Amino acid sequence: MPIYEYRCNLCKKEFSLLFLHPEEISRVECKFCKSSSLTKLLSSFCVHQTEESRLKNFDTSKSKGENFYKDSRNIGLWAKKRMKELGVDLGPKMDEIVERGRTGKILDDYKK
Ligand SMILES: [Zn+2]
């Protein structure tokens, strides 16, 4: 289910739309004024960030929006940051666990 972000050329408002069916993409209109003159924005999911800067910007004391964990690259960041704060270095093992979580392979382990 893709999520696209748009800016309305008429009322200048920005909004994101979740498409349940591919055919809905071709008849998208502004949520606010129903204009079909829209500019598709680059999804924030595509913003390039290195893992280092993600870790730095990541604040474990703040709760994340529901979109946060839709970006699989953010999964495991919290655990990693906490480990760093606590001075625990799990080294490659931690990366392995995080990588499994991100790729969904962690689920395979549960199925066994
Ligand atoms: Zn509009």
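Here, every reference points to the structure presented above.
Values in this document were obtained by computation on a predicted structure and should not be read as measured data.

Rules and cut-offs
Residues numbered from 1 in each chain as written. Predicted model: local features only at pLDDT ≥ 70, side-chain atom pairs only at ≥ 80, totals over all residues. Heavy atoms only, no water. Donors = N, O, S within 2.8 Å, 3.2 Å for Na, K, Ca; no water. Tetrahedral: all angles 85-135°; square planar, octahedral: opposite > 155°, others 65-115°. Buried < 20%, exposed > 50% of the residue type's maximum accessible area, 1.4 Å probe, protein only. Core = buried A, V, L, I, M, F, W, Y, C linked by side-chain atoms within 4.5 Å. Contact = heavy atoms within 4.5 Å. Phe/Tyr/Trp six-rings, centres within 6.5 Å; stacked < 30°, edge-to-face > 60°. Helix = DSSP H or I, 4+ residues; strand = E, 2+ residues; numbered from the N terminus.

A.B. asks: I'd like a description of the coordination of the zinc ion, backed by residues and values.
C.D. replies: The coordination sphere of the zinc ion contains the protein donors Cys8 (SG), Cys11 (SG), Cys30 (SG) and Cys33 (SG), at a distance range of 2.2 to 2.3 Å. Around the zinc ion, the four donor atoms are arranged such that angles at the metal cover 104 to 118°; this shape is classified as tetrahedral. Going along the chain, you hit the donors of the zinc ion in the pattern C-x2-C-x18-C-x2-C. A relative accessible area of 0% means that Cys8 is categorised as buried.

A.B. asks: Could you give an account of the nonpolar core, naming the residues involved and the relevant values?
C.D. replies: Counting eight residues, the largest nonpolar core consists of Tyr6, Cys8, Phe15, Leu17, Phe19, Val28, Cys30 and Leu38. If sequence neighbours within four positions are ignored, Leu17 has contacts with Pro2, Ile3, Tyr4, Tyr6, Val28, Glu29 and Lys31.

A.B. asks: Give a detailed account of the packing of aromatic side chains, specifying residues and quantitative values.
C.D. replies: According to the stated counting rule, one finds two aromatic pairs in the structure shown. For the pair Phe15 and Phe32, a centre-to-centre distance of 6.1 Å together with 70° between the ring planes defines the contact as edge-to-face. Here Phe15 is found in strand β2 (residues 14-18), whereas its partner Phe32 is found in the loop between β2 and β3 (38-41), with 17 residues between them in sequence. By relative accessible area, which is 7% here, Phe15 ends up buried. Given a relative accessible area of 46%, Phe32 falls into the partly exposed group. By way of ring pairs, the aromatic residues Tyr6, Phe15 and Phe32 are connected into one cluster.

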